[in-house]
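# Analysis of the macromolecular model
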Amino acid sequence: ANPWVVGGGLVLAGTAFYYFKMAREEKTFSVEEVSKHDGKSSPEIWVTFDNQVYDITKFAQEHPGGSVIMDAAGGPIEPYWAYWAYHLRCPKPKEFLEKYKIGKLDKSETESVTAVESDLYETDPKRGSELRAYTVRPFSCETNPSFLARSSITPAGSLYVRNHAPVPEVEKEGYGLQIEGLDGTSKEIKLSKIGSKRATLTSILQCAGNRGGEMEEIKDTAFSGTPYTGIGIGMIGNAEWGGYWLSDILKTSIPNLDTLIENDTESKLHIIFEGADGYESSAPLKRAVEKKWGAMLADTINGGPLPPDHGFPLRAFFPGLAGCRSVKWVTKIRVSSEESTSPWNKYYYKHADGKSITTMPLTSMILDLTPSENAEYNLKGIAWGGGSGLGVSKVEISADSGLTWKRADLQKHPKNPENVGKFSWQPWEAQLTTNEIKGDHVMCRAFDTQGHGQPENPWNPKGYLYNGWHKKRLPSKHSP
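Fair warning: this is a prediction, and the values are worked out from it, not measured in the lab.

### Describing unusual backbone geometry
Note the cis peptide between Arg137 and Pro138, where omega equals 0°. Summarising the element assignment, Pro138 is placed in the loop between strand S6 (131–135) and strand S7 (140–143). Here the bond from Phe312 into Pro313 is cis, since omega is 10°, no more than 30 degrees from zero. Tracing the backbone shows Pro313 in the loop between strand S16 (304–305) and strand S17 (315–317). Phi angles above zero are rare outside glycine, and Asn51 is one such case at about 70°. If you trace the backbone, Asn51 turns up in the loop between strand S2 (46–49) and strand S3 (52–55). With a relative accessible area of 30%, Asn51 lands in the partly exposed category. We note that Ser401 has phi near 60°; this positive angle belongs to a residue other than glycine. Mapping Ser401 onto the fold places it in the loop between strand S21 (392–398) and strand S22 (406–407).

Structure follows, in structure tokens:
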């Protein structure tokens, strides 16, 4: 007999027996024993999930959600995940958790584990068919590009949504906003007395992950393999925001604010916003107080109250910054010597070098492509200078893979024309003739007023801030 075959067979048999024995001898724990490992009574942190027991002591120190995970310490993680429901939709959290499994709950006690008694998302608002959902709990979606092309102003019900938890039920009556200075002194302002001088601004709101799917076509990113694989161009919208200039409210509430700004020569101070849903984010303080950037606390959109999905009754709004900085349902604002240490600020919405994403880049997109009587196709699109504060000088299109480009016609914006390309998007139109089409797609690119142009195919491992030349496939009759 071949000794290698015999030896190999014995090794395989031994391995199988070992795992069979381990499976039979898997340690069991009582609910009471698990509860003692809550990080307080004991330095160890245990949780249960699906009747399995996990020692997450080491993982808790690295958890992207920071100390929030301690809400589940010593007990079932299901109620915690029922609120932060992305954990249940994405396979990665479960894969991480499996590494720390130490046993299972005693069968006689599995029914005593706290269950989720109700659907925490039951009161979430209804949404329209023009929205393409990536996750339902929490709700995150993009707008169908054809809806974006219909108007220079995006209807509130058609604007993309990026929630992190259930939509909080907030009553306008009695709503208070707490504002805290760098020295820790705070002041509460009732919504009815938040300000006397109202402000309006037409501006884009865009998610940092918009167009992330195009980046994945180059190479996988952090979005790949998650529910956010393939994000299109619809996590953007253009609306008229109404409310109060953030600078006015801060200066009224924080007496020494001007001195803080004057001494902040290295721009190290930040403004942190806390939302009623538990989400928290921050932005540079100077971006909040310099009026030229248009930062505001908004309570209306397109002349009507903010819908629940968009922060009713009050949200922060930062024109030119990534949407993650414009915290919804804002309940507290505080000045800080450092950025927010919340998980969303510490681990997510980062550049490849680890720095926080704030300003959005120059971009342009094709929203609509329709047959034309006088030409082959009519194109409609938008362009935006991003968070630089620069306008758009020109948009070009190409139907021969970039060999030749022709200029698109920049259109007037019906509202706040002085902000077109700066805060509000710049509409554009163009036509393609049969002779100009040399491939199976058409592309667009924009240039700002200082001559900066969009890169062709940028990529970064995080998947954020894609602003390459936008490509749209032509009907099959033009395929080579």
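### Some remarks on the sheet that holds strand S14 (residues 280–284)
With mixed pairing, 5 strands are arranged side by side in an open sheet as S10-S9-S18-S13-S14. Of all the strands in the sheet, the pair left with one neighbour each is strand S10 (186–190) and S14. Pairwise comparison of adjacent strand axes, ignoring direction, gives a mean angle of 20° for this sheet. Bridge analysis of strand S13 (residues 270–275) against S14 gives 5 bridges, and the strand direction is antiparallel.

### Here we look at the environment of Arg287
Note on placement: Arg287 falls in helix H11 (residues 285–289). A relative accessible area of 10% places Arg287 in the buried class. Sequence separation of Arg287 and Ser267 is 20 residues, and the distance between their C-alpha atoms is 9.7 Å. Ignoring anything within four residues of it in the chain, the contact list for Arg287 reads Trp293, Ala295, Phe318, Pro319, Gly320, Leu321, Thr359 and Gly387. Within polar-contact distance, the side chain of Arg287 engages the backbone oxygen of Gly387 at 3.2 Å.

### Quick notes on the pairing of S7
Covered by surrounding structure in S7 are Ser140 and Glu142 together with Cys141 and Thr143, the residues of both alternating faces. Examined bridge by bridge, S6 and S7 share 4 bridges and lie antiparallel to one another. From the neighbouring strand, Ala133 faces S7, where its bridge partner is Cys141. The turn joining S6 and S7, which pair antiparallel and follow one another in sequence, is formed by 4 residues. Inspection of the sheet shows S7 paired to strand S8 (residues 161–162) by 2 bridges, in the antiparallel sense. When the sheet's bridge partners are listed, Cys141 is paired in S8 with Val161.

### Considering the sheet that holds S3
Strands sit in the order S1-S5-S3-S2-S4 across an open sheet of 5 strands; the sheet is mixed. Both edges of this open sheet fall to strand S1 (28–29) and strand S4 (75–76), since each of them pairs with a single strand only. Bridging between S2 and S4 involves 2 bridges; their strand directions are parallel. When the sheet's bridge partners are listed, Val47 is paired in S4 with Gly75. Seen against the sheet, helix H6 (residues 91–98) touches S2, S3 and strand S5 (101–105) and runs at an angle of roughly 125° to S2.

### Some remarks on the pattern of salt bridges
Per the counting criterion, the structure on display carries 17 salt bridges. Its salt-bridge partner being Arg127, residue Asp309 comes within 2.8 Å of it at the nearest N-O pair. Residue Asp309 is found in the loop between S16 and S17, and its partner Arg127 is found in the loop between S5 and S6; the two are separated by 182 residues along the sequence. Look at Asp309 and you get buried, because its relative accessible area is 6%. Exposure remark for Arg127: the relative accessible area of 25% places this residue in the partly exposed category. Here Arg198 and Asp299 are joined by a salt bridge, their closest N and O atoms 2.7 Å apart.

### Structural notes on the packing of aromatic side chains
In the structure shown here, the tally under the stated rule is 13 aromatic pairs. Arranged with centres 4.9 Å apart and planes meeting at 70°, the rings of Phe29 and Trp46 form a pair that is edge-to-face. One end of the pair, Phe29, is in strand S1; the other, Trp46, is in strand S2, and 17 residues separate them in sequence. Judged by relative accessible area, Trp46 falls into the buried class, the value being 7%. Among the aromatic residues, those joined into a cluster by ring pairs are Tyr83, Trp84, Tyr279 and Trp344. A cation over an aromatic ring shows up here: Arg287 above the ring of Trp293, its NZ or CZ 3.7 Å from the ring centre. Here Arg445 stacks its cationic end above the ring of Trp405, 3.9 Å away from the centre of that ring.

The rules behind the values
- Residues numbered from 1 in each chain as written.
- Predicted model: local features only at pLDDT ≥ 70, side-chain atom pairs only at ≥ 80, totals over all residues.
- Heavy atoms only, no water.
- Helix = DSSP H or I, 4+ residues; strand = E, 2+ residues; numbered from the N terminus.
- Buried < 20%, exposed > 50% of the residue type's maximum accessible area, 1.4 Å probe, protein only.
- Pairing = 2+ DSSP bridges.
- Axes fitted to C-alpha atoms, helices over the stretch in contact; angles between N-to-C directions.
- Contact = heavy atoms within 4.5 Å.
- Polar contact = N/O pair within 3.5 Å; in protein donor to acceptor, adjacent residues only side chain to side chain.
- Salt bridge = Lys/Arg side-chain N within 4 Å of Asp/Glu carboxyl O.
- Phe/Tyr/Trp six-rings, centres within 6.5 Å; stacked < 30°, edge-to-face > 60°.
- Lys NZ or Arg CZ within 6 Å of the ring centre and 35° of its normal.

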